[in-house]
Amino acid sequence: MMFFYRIAGVLLLVFTMLQAQEESFKKYADELGLNIGTALGYQFERNTPEHNEIVIREFNTVVAENTMKAVILHKVKGQPDFSRADKLIDFAQHHGMRVRGHTLVWHFQNADWICTGERESTLENMKFHIETVMEHFKGKVHEWDVVNEALEEAPTGKMRDSEWLRSIGPDYVDSAFAFAHRVDPDCKLFYNDFGTSVLGAKSDSMYAMVKRLLNNGIPIHGVGFQAHQTAADAVPELYLGVRWNFERFAELGLDLAITEMDVTGSDWEKQAEVYETFMRVTLELPAVKSFVVWGVRDNDSWRRSGTPLLFDDNWEPKPAYVALMNLLKDPPAAVQPFPGSRSVKSGHDSGQLLFNGKNRTLSLRNTGMVNPLPIAIYDLRGTLVASAVMSAGIPLTLASLLENEFTGTLLVCSEGGVLRVNVVR
Ligand code: G3I
């Protein structure tokens, strides 16, 4: 009898261990068809066991934090050194992971020989670099960040003043995509930038640029949102800011990817909220195919003082890890895009909607050409609170549509735009 209990005990232990092993980002992401990834930096190159164990357990996608940048791969023209990047490819293939390529055309960590200051020779060198690198990784890298950070850091809508721009002119972006597509027509080609996660001036200029490329028949297939965020971004508006922004890029028929996510801040609960918001949008919008974090452990991050990653210095998971796991385990349903325009206005008049009052007695009037005008009222989590149809000239009192106890910010959406309304008691 004693023997039986021992055997049962051992079996239970093994079962529990197996169950614990099964719990991982990768398990759930694979089921959802999501690329869940991380950047491999120097802990990978050092072969640190704790690091590699986490990567193998949690992720189905990897990207080189540095080793596929021009200065490392192709420092001397025609003498590429693929040794460090190939180690990453071997590792990924051995563990059944996909590889994002990062990055072909960037103003930083560029090889000195490429930009000459003169248009024709720089174009020639760009083409040669792209061919050399993409040929080598053909079939092993499923998508490339072809152009990285071409827009100005400050959201001015202008292109970044870089060697690329000075040597070639603004159409260097077009040329890079065209060259890349010729080398590997099966590879998905991305534009990648930071400071573009939410609706705003910089994401507007990225949208305009990408739309122009598509209109000109340039082979661009995706947009990468680096998502270098801070815990202070954990405000209720973040969710819709990201979602509406992502929705407009998805409407262009592009793949979307979160490519380098990290969130600085000492408040790890707030940090978790920001990660969670981005994962929620990822799971809600089918166009978002990848969610990639920029490293494994805080101490190894380029922003290490801000403790921005999912694992602490002892390789222990942080609240953000738990928040992401919970969402992956129990994913939200895909959402229906909001009707109408996505420009949020906080003023009085938005298109056909007229702001006539304050708080609960706010009434809306259809002053536009569309009659009757359907409206939908959402809270900041994107939940539909009420919908109605407005007739021209007849005011609609918001209070009549809401539960009596409702307070908070609402978004009244119509074809004419979005009106932001604060409902107070
Ligand atoms: O490889 C040299 C090494 O030989 C030398 O001993 C050491 C001394 O500091 O420097 C090493 O190179 C550093 C490299 O990281 C590898 O650690 C570079 O100086 C350093 O500039 C480089 O920083 C990287 C940075 O891009 C610039 O390429 C960061 O690790 C990397 O996280 C960061 O990643 C970028 C993305 O590619 C694009 N988006 C923004 C993101 C953050 O800046």
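Residues numbered from 1 in each chain as written. Predicted model: local features only at pLDDT ≥ 70, side-chain atom pairs only at ≥ 80, totals over all residues. Heavy atoms only, no water.

Trainee: An account of the overall build of the protein is requested, with residue identities and associated values reported.
Mentor: Scanning the protein for helices and strands turns up 13 helices and 18 strands. Expressed as a percentage of its 425 residues, the buried residues of the protein come to 52%. Of all intrachain contacts in the protein linking residues separated by at least 6 positions in sequence, the fraction that spans at least 24 positions is 73%. Working note: accessible area of the protein is about 18,900 Å², and carbon and sulfur atoms make up 54% of it. (Helix = DSSP H or I, 4+ residues; strand = E, 2+ residues; numbered from the N terminus. Buried < 20%, exposed > 50% of the residue type's maximum accessible area, 1.4 Å probe, protein only. Contact = heavy atoms within 4.5 Å. Areas by Shrake-Rupley, 256 points an atom, 1.4 Å probe, with all protein chains shown as cover.)

Trainee: Explain empty space enclosed by the protein to me, and be specific about the residues and the numbers.
Mentor: Considering all chains together, one arrives at two cavities of 30 Å³ or more under this definition. In this model, the largest cavity occupies a volume close to 40 Å³. Taken together, Lys69, Ala70, Thr103, Leu104, Trp106, Phe108, Gln109 and Asn110 make up the full set of residues lining the largest cavity. Residue composition of the lining of the largest cavity, grouped by class: four nonpolar, three polar and one charged. When its volume is computed, the second largest cavity comes out at roughly 30 Å³. Residue classes in the lining of the second largest cavity are distributed as six nonpolar, three polar and two charged. (1 Å grid on protein atoms, 1.4 Å probe; cavity = no way out; pocket = protein on both sides within 12 Å on 5 of 7 lines; lining within 4 Å. Points joined across faces, edges and corners; volume = space filled by probe spheres on them. Nonpolar A, V, L, I, M, F, W, Y, C, P; charged D, E, K, R; others polar.)

Trainee: Please set out the site of the ligand residue by residue, giving values where relevant.
Mentor: Taken together, 14 residues sit near the ligand, with Glu65, Lys69, His102, Gln109 and Glu260 positioned nearest. Here an oxygen atom of the ligand and a side-chain polar atom of lysine 69 are 2.7 Å apart. At 2.9 Å from a nitrogen atom of the ligand is found a side-chain nitrogen or oxygen belonging to glutamate 149. Compared with its free state, where it exposes 800 Å², the ligand has 54% of that area covered by protein. By residue class, the composition of the shell around the ligand is four nonpolar, six polar and four charged. (Near = heavy atom within 4 Å. Polar contact = N/O pair within 3.5 Å; in protein donor to acceptor, adjacent residues only side chain to side chain.)

Trainee: Run through unusual backbone geometry, naming residues and quoting values.
Mentor: That bond from histidine 102 to threonine 103 is cis: its omega, 0°, falls within 30 degrees of zero. Among the structural elements, threonine 103 can be located in strand β3 (residues 98–105). Positive phi values are uncommon outside glycine, yet glutamine 109 reaches one of about 55°. The topology assignment puts glutamine 109 in the loop between β3 and α7 (119–137).

Trainee: Now, about the environment of isoleucine 220: what can you tell me, with residues and values included?
Mentor: Relative to the helices and strands, isoleucine 220 resides in the loop between α10 (201–215) and β6 (222–225). Looking at isoleucine 220, the relative accessible area reads 4%, which means it is buried. In sequence terms isoleucine 220 and leucine 189 are 31 residues apart; their C-alpha atoms lie 5.4 Å from each other. Among all residues touching isoleucine 220, those that are not within four sequence positions of it are Phe177, Leu189, Tyr191, Val210, Leu213, Leu214 and Leu254.

Trainee: Account for the pattern of salt bridges, with residues named and values stated.
Mentor: If the charged atoms of two oppositely charged side chains come close together, the side chains can form a pair. Across all of its chains, the model carries 21 salt bridges by this definition. Here glutamate 31 and lysine 27 are joined by a salt bridge, their closest N and O atoms 3.4 Å apart. One end of the pair, glutamate 31, and the other, lysine 27, are both in helix α2 (residues 25–32), four residues apart, so they sit about a helical turn from each other. In this structure, arginine 303 engages aspartate 262 in a salt bridge whose closest nitrogen and oxygen atoms are separated by 2.7 Å. Of this pair, arginine 303 sits in the loop between β9 (288–293) and α13 (319–329) while aspartate 262 is found in strand β8 (residues 255–264), placing the two residues 41 residues apart along the sequence. Looking at arginine 303, the relative accessible area reads 17%, which means it is buried. For aspartate 262, a relative accessible area of 0% gives the class buried. Several salt bridges converge on common partners, so that one network encompasses Arg100, Glu143 and Asp145. (Salt bridge = Lys/Arg side-chain N within 4 Å of Asp/Glu carboxyl O.)

Trainee: Can you tell me about the packing of α10 against helix α11 (residues 237–250), naming the residues and giving the values?
Mentor: When two helices pack together, their arrangement is given by the angle between their axes and by how far apart the axes lie. Between α10 and α11, the least distance of the axes is 11 Å, while the angle of their chain directions is 5°. When the axis of α10 is compared with that of α11, the two are roughly parallel. Along the contact surface, α10 presents Ser203, Asp204, Met206 and Tyr207, while α11 presents Asn245, Arg248 and Phe249. For the contact of α10 with α11, a count of residues per class yields three nonpolar, two polar and two charged. (Axes fitted to C-alpha atoms, helices over the stretch in contact; angles between N-to-C directions. Parallel < 35°, antiparallel > 145°, perpendicular 65-115°, else oblique.)

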